[in-house]
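# Breakdown of the fold
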Amino acid sequence: MKELEFEIPSDPEYIKDASEKVLGFLEGLELTKEILFDIRLCLEEAVINAIKYGNKLEKAIPVSIRVSFSEGRLEIMVKDCGKGFQYSDIPDPRSSKNILKHGGRGLFLIRNLMDEVVFNDSGNEIKMIKSISGGKSDGG
Amino acid sequence: MVVKEKKVGDAVVLVVDGEINFNSSPDFRKAFLKVLEEKAQKVVVNLSSVAYVDSSGLATLVEAHQKVKSSGGKLKLTNLSAKVKSLFEITKLEKLFDIQPTEDEAVKSF
């Protein structure tokens, strides 16, 4: 089992630092560029939501990120200090009434690119799970 | 991210180099608003050097599409990487945009 845990301030300048740290942690697993793109996108979308909607861009409030990889299963957890949100009420951004709207695609992309997405009860923590076949597993 | 503007015939081509993400999408927005101020009616966004777009980038491209359309013009996208194109497919934005394989084809298709 490989694990990485860290925090970033709720400042958009740190989004790339977070994904570079996570992708650096995954180096050596020989993941394809396509999988690394998906992982980066989902992580950054979750971090943006946490910074913007969870912690309301209050730089002093941290966003927690935890990544673990074992036997082909990648888990990424992103947690903010906000009140959470009704994650079951997200409208479909593909529908004709939403297709022109600015928001709503981040979580939709996460749900499409990850195998499993779980929120805690209050909705301020998202856990994203992806099975990675073909990569070099550390064997747990 | 850098956006270069060039004229090809009567079309304006925006060549984007870099990522269109949460932090850089305001710069892309400025670039297309400038093109709109110049009353461009045929706008091509060349994404050949864009390896990464996030949901903010997609939203900004939707805004560009709508603003060009509401001023009576047309916006076309070109040279999308396979991964960036897949985001348009997942979100069904491929149906909203006219996506052309190359800049030349995009310019000729107006």
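Residues numbered from 1 in each chain as written. Chains lettered and ligands numbered in written order. Predicted model: local features only at pLDDT ≥ 70, side-chain atom pairs only at ≥ 80, totals over all residues.

## What to know about the overall build of chain B
Which entries qualify depends on this criterion: The helix count covers DSSP runs of H or I at least four residues long, the strand count covers runs of E at least two residues long, and both are numbered beginning at the N terminus. The reference for a compact globule is 2.2 Å times residues^0.38; the radius of gyration itself is calculated from the C-alpha atoms. Remark: C-beta atoms are placed from the backbone, and a residue is labelled buried if 20 or more other C-beta atoms sit within 10 Å of its own, exposed if 12 or fewer do, or partly exposed between those counts.
A tally of regular secondary structure across chain B gives 4 helices and 5 strands. When the helices and strands of chain B are listed from N to C terminus, the series reads β-β-α-β-α-β-α-β-α. The C-alpha radius of gyration of chain B comes to 12 Å, within 12% of the 13 Å expected for a compact globule of 110 residues. In terms of its C-alpha atoms, chain B occupies a principal-axis envelope of roughly 30 × 25 × 25 Å. Expressed as a percentage of its 110 residues, the buried residues of chain B come to 42%.

## Points about the sheet that holds strand S3 (residues 73–79) of chain A
All names here are of chain A. Put simply, the test is: At least two bridges found by DSSP between two strands are what make those strands a pair. Orientation is described by lines fitted to C-alpha atoms, with helices fitted over the stretch in contact, and by angles between N-to-C directions that extend from 0 to 180 degrees. Note on contacts: residues are paired as contacts if their backbone-placed C-beta atoms lie within 7 Å.
Taken in spatial order, the 5 strands make up an open sheet running S1-S2-S3-S5-S4, and their pairing is antiparallel. In the strand order of this sheet, the two ends are held by strand S1 (2–9) and strand S4 (116–119), each with one partner. On average, each strand axis in the sheet is tilted by 15° relative to the strand beside it, whichever way the strands run. Sheet topology places S4 next to strand S5 (residues 125–131); 4 bridges connect them, and they run antiparallel. The residue of S5 that forms the bridge with Glu116 is Ile129. With respect to the sheet, helix H1 (residues 15–26) is in contact with S1 and strand S2 (62–70), its orientation differing from that of S1 by roughly 170°.

## Concerning the packing of helix H3 (residues 105–113) of chain A against helix H2 (residues 55–70) of chain B
To keep things clear, this is the line we draw: What sets the label is the angle itself: under 35 degrees gives roughly parallel, over 145 gives roughly antiparallel, 65 to 115 gives roughly perpendicular, and the rest give oblique. Handedness of a crossing is defined here by the sense of rotation of the near helix relative to the far one, left-handed for an anticlockwise turn of less than a right angle and right-handed for a clockwise turn. For this scheme, ten residues count as nonpolar: Ala, Val, Leu, Ile, Met, Phe, Trp, Tyr, Cys and Pro. Four count as charged, namely Asp, Glu, Lys and Arg, and the remainder, Gly too, count as polar.
Running from amino to carboxyl end, H3(A) crosses H2(B) at an angle of 125°, the nearest separation of the two axes being 9 Å. Of the possible angle classes, the one that applies to H3(A) and H2(B) is oblique. Relative to H2(B), H3(A) is oriented so that their crossing is right-handed. Residues Arg105(A), Gly106(A) and Leu109(A) of H3(A) form the contact with H2(B), whose participating residues are Ser55(B), Leu58(B) and Ala59(B). For the contact of H3(A) with H2(B), the residue count by class is 3 nonpolar, 2 polar and 1 charged.

## Digging into the sheet that holds strand S1 (residues 2–8) of chain B
Sheets are built from strands paired through backbone hydrogen bonds, the pairs being either parallel or antiparallel. All names here are of chain B. With mixed pairing, 5 strands are arranged side by side in an open sheet as S1-S2-S3-S4-S5. Sheet topology places S1 and strand S5 (98–100) at the edges, where each strand pairs with a single neighbour. Pairs of neighbouring strands in the sheet enclose a mean axial angle of 25°, with direction left out of account. Pairing of strand S2 (residues 11–17) with strand S3 (residues 42–49) involves 5 bridges; the strand directions are parallel. Directly across from Asp17, in S3, lies its bridge partner Ser49.

## So, the pairing of strand S4 (residues 74–78) of chain B
Residue and element names in this part refer to chain B. As a reminder of what qualifies: We call a crossover right-handed when, viewed with both strands directed away from the observer, the connection leading from the first strand over the helix to the second proceeds clockwise.
Counting buried positions along S4 gives 4 out of 5 residues, so the element sits mostly inside the fold. Between the parallel pair S3 and S4, the chain is carried across by H2, and the sense of this crossover is right-handed. Here S4 runs beside S5; their pairing, made up of 3 bridges, is parallel. By the bridge assignment, Thr78 is partnered in S5 with Gln100.

## A word on unusual backbone geometry
Note: most peptide bonds trans; most residues except glycine with negative phi. Its identity is not glycine, yet Glu30(A) carries a phi of approximately 55°, on the positive side. Of note, Lys39(B) is a non-glycine position whose phi angle comes to about 60°, a positive value. Structurally, the position occupied by Lys39(B) is in the loop between helix H1 (25–37) and S3. A residue is classified by how many C-beta atoms lie within 10 Å of it, and Lys39(B), with 10 of them, is exposed.

## Structural notes on H1(A)
Residue and element names in this part refer to chain A. As a reminder, the rule being used: How far a helix is expected to stretch is found by multiplying one less than its residue total by 1.5 Å. It is the directions from the helix axis to the C-beta atoms that the arc portrays.
Helix length check: H1 (12 residues) gives 17 Å between terminal C-alpha atoms against 16 Å at 1.5 Å per residue, within 8%. Buried within H1 are the following residues: Ile15, Ala18, Ser19, Val22 and Leu26. Buried residues along H1 cover an arc of 90° about the axis, so they all sit on one side. In H1, those exposed residues whose orientation departs by more than 90 degrees from the buried face are Glu20 and Gly24. Directly beyond the C-terminal end of H1, a positive phi value near 95° is found at Gly28.

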